[in-house]
Every structure is written in structure tokens, then in C-alpha cells.
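# An overview of the molecular structure
Below are the chains, spelled out letter by letter.
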Amino acid sequence: MLCLVAMIMCVSNSSYAQKVRKSDLKVNYVLYNIGVKRDVQAKLKPILEAYLADKKAANKEYDDAKTKLKNSIKTGTLTEKQAQALLNMKWQADEKELAVKRQYETKFKTVLPVKKVYLCFSLLNDSKSKMLGEPKDDSEE
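These notes cover the structure that comes with them. (Residues numbered from 1 in each chain as written. Predicted model: local features only at pLDDT ≥ 70, side-chain atom pairs only at ≥ 80, totals over all residues. Heavy atoms only, no water.)

### Description of the overall build of the protein chain
Where we set the bar: Counting from the N terminus, the helices are DSSP H or I runs at least four residues long and the strands are E runs at least two residues long. Between two residues, a contact is recorded if the distance between any of their heavy atoms is within 4.5 Å. In this description, accessible areas are obtained by the Shrake-Rupley approach with a 1.4 Å probe, and a residue is regarded as covered only by the protein chains that are shown.
Looking only at helices and strands, the protein chain features eight helices and zero strands. Helices and strands in the protein chain line up, N terminus first, as α-α-α-α-α-α-α-α. Long-range contacts, defined here as pairs at least 24 residues apart, represent 69% of the contacts in the protein chain between residues at least 6 apart. For the protein chain, the accessible area works out to roughly 9,800 Å², and carbon and sulfur atoms hold 55% of it.

Shown next, in the form of C-alpha cells:
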């Protein structure tokens, strides 16, 4: 447990935080905050890593298309056809992601009670700034 605290404190260092993969940060954050014993954490860690990889794969096509059209989106020059294609990809990605979440709900239940599964999904949705313990900036809302 102390190791996780030390790791999260190190992650707070911005130069180190940039080098840490977002998925590693999420996994460590969930393991630290889920409130289970080390043996359960050891079983949960590979499931969390696989979940994040599968979730990323479910969104890959949409994320790639959005990255490709980033300038058009930012400048407001996205065509109707491009916008519709992005919407279609977004809905498909959302469906794939939901299927991944349902699949992993069952996997998480093999090592966690249902209340902890709910907490796990909640923690996985926390923002990077919350994971790093950065103060909330109300001006962004």
C-alpha cells in the first residue's frame, strides 16, 4: 500500500507524469483507491490492464479519424460528410465500448464484490487531474 502511495506522489511530479502511460496511471489509481487487499489487487491488475487495452481498441477507429480531422474540427471547417462519418464512427465506438464494459463487469466480479465493481468503474472514469490530485479549476466549466 505504501508503494502505491509513493508511486502516486511521484506521479504528481509533472515531468514524471508526462512519462507515465495514462493506462498505468489509471490502473495504479484504481488499485490504490479500491480498498482491497494485496492478493485481490494482484488478481485485479491484469484484468484492469486488459480492460483498458480492449476499451482503447474499441475506440481506435473513431479516435484515429478524429485525430486526422483535428484541424478541421478546431477551425470549424468540417464538412457535412465528414461530420456524419464521425458521428457514425462515434456511435459504433460507443456500442463496442459498452460491449467491452459488460464483458469486463463479469470478469471484475470474479475477483471483486459487486459494490467494488461499481466503484472500480467509477474510479476508471475519474479525470487525469483528479488522479494526480490537482485542484479543480472552476474556470473551465
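### Topic: the nonpolar core
How we decide: Here, nonpolar core means buried Ala, Val, Leu, Ile, Met, Phe, Trp, Tyr and Cys residues that are tied together by side-chain atoms lying within 4.5 Å of each other. Throughout this description, buried means an accessible area under 20% of the type-specific maximum (1.4 Å probe, protein chains only), exposed means over 50%, and partly exposed covers the range between.
Within the largest apolar cluster, 26 residues are counted, with the highest numbers of intra-cluster contacts made by Leu44, Leu48, Tyr51, Phe108, Leu112, Cys120 and Leu124. Among the elements of the structure, helix H3 (22-33), helix H4 (38-68), helix H6 (80-109) and helix H7 (114-124) are those that each provide at least two residues to this core. Residues contacting leucine 48, with those up to four places away along its chain left out, are Val27, Val30, Leu31, Phe108, Cys120 and Leu124.

### Quick notes on the pattern of salt bridges
Rules: For this document, the term salt bridge refers to a Lys or Arg side-chain nitrogen within 4 Å of an Asp or Glu carboxyl oxygen.
Tallied over the full model, the rule gives seven salt bridges. Among the ionic pairs, lysine 90 bridges to aspartate 94, the shortest N-O distance being 3.0 Å. Of this pair, lysine 90 and aspartate 94 both sit in helix H6, four residues apart, which is roughly one turn of that helix. On the basis of relative accessibility, which here comes to 30%, the residue aspartate 94 falls in the partly exposed class. Put simply, lysine 130 and aspartate 126 hold a salt bridge, and the shortest N to O gap is 3.9 Å. Of the residues examined, aspartate 126 reaches a relative accessible area of 15% and is grouped as buried. A cluster of three or more residues bridged by salt bridges with shared partners is formed by Lys55, Glu97 and Lys101.

### Considerations on the packing of H4 against H6
In plain terms, the rule: Think of each axis as a best-fit line through the C-alpha atoms, taken over the contacting stretch in the case of a helix, with angles from 0 to 180 degrees between the N-to-C directions. By the definition adopted for this analysis, an angle is roughly parallel if under 35 degrees, roughly antiparallel if over 145, roughly perpendicular if from 65 to 115, and oblique otherwise. The residue classification treats Ala, Val, Leu, Ile, Met, Phe, Trp, Tyr, Cys and Pro as nonpolar and Asp, Glu, Lys and Arg as charged. All others, Gly included, are polar.
At a minimum axis distance of 8 Å, the contact between H4 and H6 shows a crossing angle of 170°. By the angle between their directions, the pair H4 and H6 is classed as roughly antiparallel. By residue class, the composition of the contact of H4 with H6 is 14 nonpolar, one polar and nine charged.

### Considering the environment of leucine 132
Note on placement: leucine 132 falls in the segment after helix H8 (128-131). Leucine 132 gets classed as buried once you look at its relative accessible area, which sits at 12%. C-alpha of leucine 132 to C-alpha of leucine 25: the two residues are 107 residues apart in sequence and 8.6 Å apart in space.

### Quick word on the packing of aromatic side chains
Note the following rule: Pairs were defined over the aromatic rings of Phe, Tyr and Trp, the Trp ring being its six-membered one, requiring ring centres within 6.5 Å. Orientation was assigned from the angle between planes: stacked under 30 degrees, edge-to-face over 60, tilted for the rest.
Applying the stated rule across the entire model yields five aromatic pairs. Ring centres 5.5 Å apart and planes at 70° place the aromatic pair tyrosine 51 and tyrosine 104 in the edge-to-face group. Of this pair, tyrosine 51 sits in helix H4 while tyrosine 104 sits in helix H6, placing them 53 residues apart in sequence. Like tyrosine 51, the residue tyrosine 104 is buried in the burial classification. A centroid spacing of 5.7 Å and a plane angle of 85° characterise the contact between tyrosine 51 and phenylalanine 121, whose relative ring orientation is edge-to-face. Linking tyrosine 51 in helix H4 with phenylalanine 121 in helix H7, this pair joins segments that are 70 residues apart in sequence. With respect to class, tyrosine 51 is no different from phenylalanine 121; both count as buried.

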